[in-house]
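Inside the fold
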Amino acid sequence: MLKRWVAGAVAACAMLLFPLPAQAAGPASVAKKLFHAWLSADKAAAAKVATPAAVKTIFAYPYRAPDVFAGCAGNACRFKHTSVTVPGDLDGILMIVSGSKVAKVYESRHLTKPGKAALWLFGAWKAGDRNRGLEVASAKAVSTIFRARFDPHGVPYTYQGCTAEPHGWACQWSYEGGAMTMHVRGSKTAGYAVRSVTYIAD
């Protein structure tokens, strides 16, 4: 019994002298710290848990704060709206966590011209970034355009601008052998978003 007590005491002292390393905060904890720092308009606190680019992005969010934490899928943590309608199917704020900091923030965008929404989705496709596309487009539109990977050495796309169509705008790119059209809906007040993408062949 005495030996057991001495062994336990030695182990306890060892833990006091050499404490176990603190476990790193999980992605949800890191994301929530940035979210609450933003709600408090505390950029100094935000800078402790996010990169400068992530802080700049979230502090420029044009809508009121999302009201639901939708959890994390791996290191991607989402905050969603349930009472505000915003363009695109990102539907709020998505944070990408790397270690103890939010490395990147995606957010619903308020774009006041249909062409800007179309060009934003095209840029996301070129970059291979689906989350960026969802900032200004429906999941359907993103899925359609991302069926093929953008090839920088392939057939060049030429932007032809946007023309009015029933219920919205058609923004078109031409390329050798056909054309791609992004069908944009919305308004200057509500913001524009790409709802679908179609193709035609010559």
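Relevant structure appears above.
Residues numbered from 1 in each chain as written. Predicted model: local features only at pLDDT ≥ 70, side-chain atom pairs only at ≥ 80, totals over all residues. Heavy atoms only, no water.

By size, the foremost hydrophobic cluster in this structure holds 28 residues, and its most contacted members are Leu 121, Met 180, Met 182 and Val 194. At the level of elements, β3 (92-98), α5 (114-127), α7 (139-145), β6 (168-175), β7 (178-187) and β8 (191-201) are the ones that each hand at least two residues to this core. Looking at this core element by element, the count peaks at five residues for α5. Those residues within four positions of Met 180 in sequence are excluded, and the remaining contacts are Phe 122, Ile 145, Tyr 157, Cys 171, Gln 172, Trp 173, Tyr 175, Val 197, Thr 198 and Tyr 199. (Core = buried A, V, L, I, M, F, W, Y, C linked by side-chain atoms within 4.5 Å. Buried < 20%, exposed > 50% of the residue type's maximum accessible area, 1.4 Å probe, protein only. Helix = DSSP H or I, 4+ residues; strand = E, 2+ residues; numbered from the N terminus. Contact = heavy atoms within 4.5 Å.)

Below, the discussion takes up the pairing of strand β1 (residues 68-73). Pairing analysis gives five bridges linking β1 to strand β2 (residues 76-80), with the strands arranged antiparallel. Bridge pairing in β2 places Val 68 opposite Lys 80. Connecting the antiparallel pair β1 and β2 is a turn made up of two residues, with Gly 74 showing a positive phi of about 70°. (Pairing = 2+ DSSP bridges.)

Pairing within the open sheet is antiparallel, and its four strands lie in the order β1-β2-β3-β4. The sheet is open, and its two edges are formed by β1 and β4 (101-107), each paired on a single side. Shown here is a sheet whose adjacent strand axes are inclined to one another by a mean of 20°, direction ignored. Its contacts with the sheet put helix α2 (residues 27-39) on β1, β2, β3 and β4, and the angle it makes with β3 is roughly 130°. (Axes fitted to C-alpha atoms, helices over the stretch in contact; angles between N-to-C directions.)

The next thing to look at is α5. Between its first and last C-alpha, α5 extends 20 Å over 14 residues, near the 20 Å set by a 1.5 Å rise per residue. By the burial criterion, the buried members of α5 are Pro 114, Gly 115, Ala 117, Ala 118, Leu 121, Phe 122, Gly 123, Ala 124 and Trp 125. Gly 128 sits one or two positions beyond α5 and adopts a positive phi of about 70°. (Expected span 1.5 Å × (residues − 1).)

Moving on, we come to unusual backbone geometry. In this structure, Asp 91 takes a positive phi of about 60° despite not being glycine. Of note, Asp 91 is situated in the loop between β2 and β3. Positioned with a positive phi, His 167 is a non-glycine residue whose angle comes to about 75°.

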